[in-house]
Amino acid sequence: MLEGLEAVRKRPAMYIGSTGASGMHHLVYEAVDNSIDEVLAGHAKNIDVILHPDNSVTVVDDGRGIPVDPHPKFKNLSALEVVMTKLHAGGKFDKKSYKVSGGLHGVGVSVVNALSEWLEVEVSRDGRTFHQRFQRGTPAAPLKVVGDTEDRGTKVTFKPAPQLFGDLKFSFETLSTRLRELAFLNAGTRITMLDERDDKKHDFFYEGGSVAFVKFLNANKTAL
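Residues numbered from 1 in each chain as written. Predicted model: local features only at pLDDT ≥ 70, side-chain atom pairs only at ≥ 80, totals over all residues. Heavy atoms only, no water.

### So, the pairing of strand β4 (residues 128-135)
By the bridge criterion, eight bridges tie strand β3 (residues 116-125) to β4 in an arrangement that is antiparallel. Residue pairing across strands places L119 opposite F134, the latter belonging to β4. Adjacent in sequence and paired antiparallel, β3 and β4 are bridged by two residues, among which D126 carries a positive phi angle near 55 degrees. Both β4 and strand β6 (residues 144-148) contribute to a ladder of four bridges, which runs antiparallel. Residue T129 lies in a different strand from β6, and its bridge partner there is G147. Sheet topology places β4 next to strand β5 (residues 138-139); two bridges connect them, and they run antiparallel. If you follow F134 over to β5, its bridge partner there is P139. Hairpin connection between β4 and β5: a loop of two residues separates the two successive antiparallel strands, and R136 in this loop has a positive phi of roughly 50 degrees. (Pairing = 2+ DSSP bridges. Helix = DSSP H or I, 4+ residues; strand = E, 2+ residues; numbered from the N terminus.)

Shown next as structure tokens:
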């Protein structure tokens, strides 16, 4: 019997499809899907995805921020730590948080945490900024307040575990394709993709939604 996130590390492909390139990129999609849920709920308008030279990646949104209060079921843990370390603990299972959601199956960011060498999350809400770091899915330190802020949102930075993914590197084009599609699907949402490795940047923003997508597909074609 495997406890906690141990099952995810034992059989990663059950949760992200593979430990190849598609599985590693799926980690980013799961993190971004949490931000898209905030968009769908009407609380976020901007999402940034940043690729760093050490093959870590940051996903930032201006949503409500992951809750940091004590969790009603796990009294000694914050809601943030529960979301990060327990499977099926996200807001997709109680009909109050999200009426609709874009994520795959509600295991999301806890799987990203489990399959990362390290993960750091920074939450801005209620006038304060909270921070917690994890090592291979386990808290490296308790949740702490690191400052005051008038902003709100969630920032997640993680590095896929080399023990699982080897020396695979993130593809700017693969991620850009997915993020462009999400921008088309969520009209009026600005999604920015920045690659610090060679200073490439894409800015996706489409007021027209799926109509703009059709125009994009037809760009170099003669329409009937």
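### Some thoughts on a nonpolar patch on the surface
On the surface, F213, F216 and L217 cluster together into a nonpolar patch covering about 250 Å² of accessible area. Secondary-structure assignment places F216 in helix α8 (residues 210-217). (Patch = residues over 30% accessible without salt bridge, like charges linked within 9 Å, V, L, I, M, F, W, Y side chains within 5 Å. Areas by Shrake-Rupley, 256 points an atom, 1.4 Å probe, with all protein chains shown as cover. Salt bridge = Lys/Arg side-chain N within 4 Å of Asp/Glu carboxyl O.)

### Concerning the layout of surface pockets
Approximately 160 Å³ is the volume attributed to the second largest pocket. In terms of lining residues, the second largest pocket is bounded by E3, G4, L5, E6, R9, L77, E81, T85, K86, G137, T138 and P139. Of all the secondary structure elements, the ones that give two or more residues to the lining of the second largest pocket are α1 (6-10), α4 (79-85) and β5. (1 Å grid on protein atoms, 1.4 Å probe; cavity = no way out; pocket = protein on both sides within 12 Å on 5 of 7 lines; lining within 4 Å. Points joined across faces, edges and corners; volume = space filled by probe spheres on them.)

### Thoughts on helix α7 (residues 172-185)
Taking 1.5 Å per residue, 14 residues should reach 20 Å; α7 reaches 20 Å between its end C-alpha atoms and fits that length. Of the positions making up α7, those classed as buried are F172, L175, S176, L179, L182, A183 and F184. Tucked into the core, α7 has its buried residues touching α3 (21-40), β1 (46-51), β8 (190-195), β9 (200-204) and α8. (Expected span 1.5 Å × (residues − 1). Buried < 20%, exposed > 50% of the residue type's maximum accessible area, 1.4 Å probe, protein only. Contact = heavy atoms within 4.5 Å.)

### As for the pairing of strand β2 (residues 57-61)
Of all five residues that make up β2, four are buried, and the element is covered over most of its length. As defined by bridge partners, β1 adjoins β2 across five bridges and the pair is classed as antiparallel. Counted as the bridge partner of V49 is V59 from β2. Adjacent in sequence and paired antiparallel, β1 and β2 are bridged by five residues, among which N55 carries a positive phi angle near 70 degrees. Relative to strand β7 (residues 153-160), β2 is paired through five bridges, and the arrangement is antiparallel. Counted as the bridge partner of D61 is T154 from β7.

### Quick look at the side chain of S124
Looking at the element boundaries, S124 is found in strand β3. Setting aside residues up to four positions removed in sequence, S124 forms contacts with R64, G65, T129, T149, D151, R152 and G153.

### Concerning the pattern of salt bridges
A full pass over the atoms with the stated rule returns six salt bridges. Among the ionic pairs, R64 bridges to E38, the shortest N-O distance being 2.8 Å. With R64 in the loop between β2 and α4 and E38 in helix α3, this residue pair connects regions lying 26 residues apart in the sequence. Salt-bridge contacts for R125 lead to D126; the nearest nitrogen and oxygen are separated by 3.3 Å.

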